[in-house]
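# Breakdown of the fold
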Amino acid sequence: MAVTIEDLYRNYGILADAKDNLSQHKDAYQVILDGVKGGPKEKRLAAQFIPKFFSSFPELADAAINAQLDLCEDEDVSIRRQAIKELPRFATGENILRVADILTQLLQTDDTAEFNQVNAALISIFKIDAKGTLGGLFSQILQGEDIVRERAIKFLSAKLKTLPEDVMTKEVEEYVFAETKKVLEDVTGEEFVLLMRMVSGLRVLQTVHGRQQLVELVVEQAFLEQALNPADPDTVDRLLQCTRQALPLFSKNVHSTRFVTYFCDHVLPNLSTLTSPVAELDIQLEVLKLLAEMSPFCGDMEKLEANLNMLFTKLLEFMPLPPEEVENGENSASEEPKLQFSYVECLLYGFHQLGKKLPDFLLDKVDAERLKDFKIRLQYFARGLQVYIRQLRVALQGKTGDALKTEENKIKVVALKITNNINVLIKDLFHNPPSYKSTVTLSWKPVQKTRGSSRPSGEEMGSGGSTKKQISPLPRRDARQIYNPPSGKYSASIGNFNYERGGFRGGRGRGFGARGNRSRGRIY
């Protein structure tokens with residue numbers, strides 16, 4: 001005989017009045033459990049009554065959780081939401097892991113309100129037992145369906161950083177890191193990015209040792225012990241994604257040496273044959289930017305001279321010789337070389353950074369003919385540079401406020417930063433002996449303000465360099481624009497194209513490859 005509304009209220013009353021003698025009314029609680037087999041009204045009541053007395057009947061714990069679980073899977077979304085809302089009340093003792101596991105699987109719902117209810121329930125049991133909740137989440141990430149795994153990773157990536165320190169204790173954070181390392185043994189590109197962002201924010205890893213541990217994780221994923229296949233977009237994508245994740249971790253104490261050496265050994269020699277994982281991406285410029293950003297954080301290098309030589313060789317490729325002059329002193333009819341300022345800024349900056357470690361490189365390690373050729377190229381490049389700097393300063397002269405915010409002028413501001421950077425670095429190399437003392441901020445990086453520096457720099461000035469008339473400060477933003485100059489002599493891409501691909505195509509076994517088949521369906 002089906003349980004009615006009246007039955008539910010009557011047995012609820014028995015239990016509510018029993019007080020200290022609740023355990024003697026097991027039959028009354030069983031009636032409430034049977035309410036899940038009734039109609040919509042009975043189910044809604046059962047969803048509220050079952051958790052209220054759950055802790056008083058440990059011998060019926062499994063039956064109670066299963067009954068509530070049936071309601072979480074009901075066809076009526078309002079019943080599901082009510083049942084999910086009450087699930088945290090079952091999260092006591094050894095049940096926490098199971099409840100967390102159930103809630104994690106329920107993340108696969110496509111109903112927005114229900115999804116938000118699951119999120120709220122997970123957050124609430126985090127505050128009861130963070131480690132137990134994480135156990136359920138990571139269990140599904142490692143063994144659950146793809147949609148559950150994906151949403152569980154996104155949940156952790158978004159929510160862990162919002163939890164207070166009394167929830168995310170040192171022990172809990174260490175558990176997160178240990179479990180994440182297991183997950184990273186078999187991930188897609190998108191999962192790798194999300195997981196690295198998550199663990200990078202853990203307080204327990206905000207030390208030099210912690211950062212070094214994170215770099216080791218990335219090194220393992222980057223396959224730096226293997227040669228690069230430049231024709232494979234997935235291999236290139238893996239390297240880009242890993243390098244981007246490692247970049248914020250580098251510092252004077254956490255070194256980029258292995259990445260920089262790998263770029264010099266395997267990437268620069270194949271620069272022109274790299275296959276871009278994204279059609280719109282200037283892959284050569286993207287790679288050179290990453291190399292430039294890493295170069296200040298190199299430690300001691302076994303292959304310093306070889307790395308410098310590779311940077312020097314690649315720099316020569318992008319710094320053309322001046323066109324030959326015919327007898328009357330005019331340039332020949334051959335097309336004037338194009339100056340690829342964006343590429344040269346990156347290469348020159350990287351060379352300048354590594355050159356600090358071997359300041360005699362140009363004098364002692366480069367033969368006289370090659371050095372002479374390099375200086376001719378530098379002089380020609382510097383002359384072209386001055387022309388463009390003047391043009392850009394004239395174009396920006398007197399422009400302030402909104403006038404500088406137009407797309408065209410924002411691009412010109414970035415172009416002026418690029419050309420000024422190259423100009424500073426070239427002047428250093430023209431010193432005798434070459435100097436490596438100047439400091440520049442890469443054109444796509446935010447300008448670092450120094451204390452007491454109120455006098456505008458030449459980069460912020462209009463033509464003439466007068467301090468009386470100053471264009472408004474360069475935008476403090478990660479400038480990522482594309483600049484197409486009037487004469488077409490800048491590289492087609494000055495800015496940084498930011499992208500994140502979903503996963504990598506094809507299986508590679510361990511690492512970023514396609515993950516193996518995992519179990520399907522309900523595994524509560």
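The following refers to the structure shown.

Calculation rules
- Chains are numbered independently. Their residues run from 1 in the order of the written sequence.
- Local features in this predicted model are restricted to residues whose pLDDT is 70 or higher, and side-chain atom pairs enter the listing and the counts only when it is 80 or higher, whereas totals over whole chains, interfaces and linings include all residues.
- Excluded from the side-chain calculation are hydrogens and water; included are all heavy atoms of the structure.
- Each helix corresponds to a stretch of at least 4 residues labelled H or I by DSSP, and each strand to a stretch of at least 2 residues labelled E; elements are numbered beginning at the N terminus.
- Aromatic pairs are defined between Phe, Tyr and Trp rings, using the six-membered ring for Trp, whenever the two ring centres lie within 6.5 Å; interplanar angles under 30 degrees are classed as stacked, those over 60 as edge-to-face, and all others as tilted.
- Any residue under 20% of the maximum accessible area for its type is buried, any over 50% is exposed, and the rest in between are partly exposed; the area is computed with a 1.4 Å probe on protein chains only.
- Think of it as a cone above the ring: NZ of Lys or CZ of Arg counts as a charge over the ring if it is within 6 Å of the ring centre and within 35 degrees of the ring normal.
- Put simply, a nonpolar core is a bunch of buried Ala, Val, Leu, Ile, Met, Phe, Trp, Tyr and Cys residues held in one set by side-chain atoms that sit within 4.5 Å of each other.
- To estimate how far a helix should reach, multiply one less than its number of residues by 1.5 Å.
- Whether two residues are in contact is decided by their heavy atoms: any pair within 4.5 Å suffices.

A few words now on unusual backbone geometry. Going from Asn 432 to Pro 433, the amide bond is cis rather than trans, its omega being 0°. Within the element layout of this structure, Pro 433 appears in the segment after helix 20 (407-430). The backbone phi angle of Phe 223 is positive, close to 55°, even though this residue is not glycine. Mapped onto the elements, Phe 223 comes out in the loop between helix 12 (208-222) and helix 13 (233-246).

To continue, consider the packing of aromatic side chains. Enumeration over the complete set of coordinates arrives at 14 aromatic pairs. A ring pair is formed by Tyr 12 and Phe 53, whose centres lie 5.4 Å apart and whose planes are at 65°; its orientation type is edge-to-face. One end of the pair, Tyr 12, is in helix 1 (residues 5-18); the other, Phe 53, is in the loop between helix 3 (40-52) and helix 4 (61-72), and 41 residues separate them in sequence. Classification of Tyr 12 by relative accessible area gives partly exposed; the value is 23%. In this structure Phe 53 comes out as buried when scored by relative accessible area, which is 5%. Arranged with centres 5.1 Å apart and planes meeting at 85°, the rings of Phe 341 and Phe 381 form a pair that is edge-to-face. Placement of Phe 341 in helix 17 (residues 341-355) and of Phe 381 in helix 19 (residues 368-396) is noted, with a sequence separation of 40 residues between them. Side by side, Phe 341 and Phe 381 carry an identical accessibility label, which is buried. Through a chain of ring-to-ring contacts, the aromatic side chains of Tyr 9, Tyr 12, Phe 49 and Phe 53 assemble into a single cluster. Stacked on the ring of Phe 223, the Lys or Arg Arg 238 has its end atom at 4.2 Å from the ring centre.

A few words on the nonpolar core. Tyr 29, Ile 50, Leu 103, Phe 126, Leu 156, Leu 362 and Phe 374 are the most contacted members of the largest nonpolar core, which totals 157 residues. Take this core: its biggest share by element is eleven residues, from helix 19.

Here the focus is helix 16 (residues 304-318). The end-to-end C-alpha separation of helix 16 is 21 Å, in line with the 21 Å expected for 15 residues at 1.5 Å each. Of the positions making up helix 16, those classed as buried are Leu 304, Asn 307, Leu 308, Leu 311, Phe 312, Lys 314, Leu 315, Leu 316 and Phe 318. The secondary structure elements touched by the buried residues of helix 16 are helix 14 (257-267), helix 15 (283-294), helix 17, helix 18 (361-365) and helix 19.

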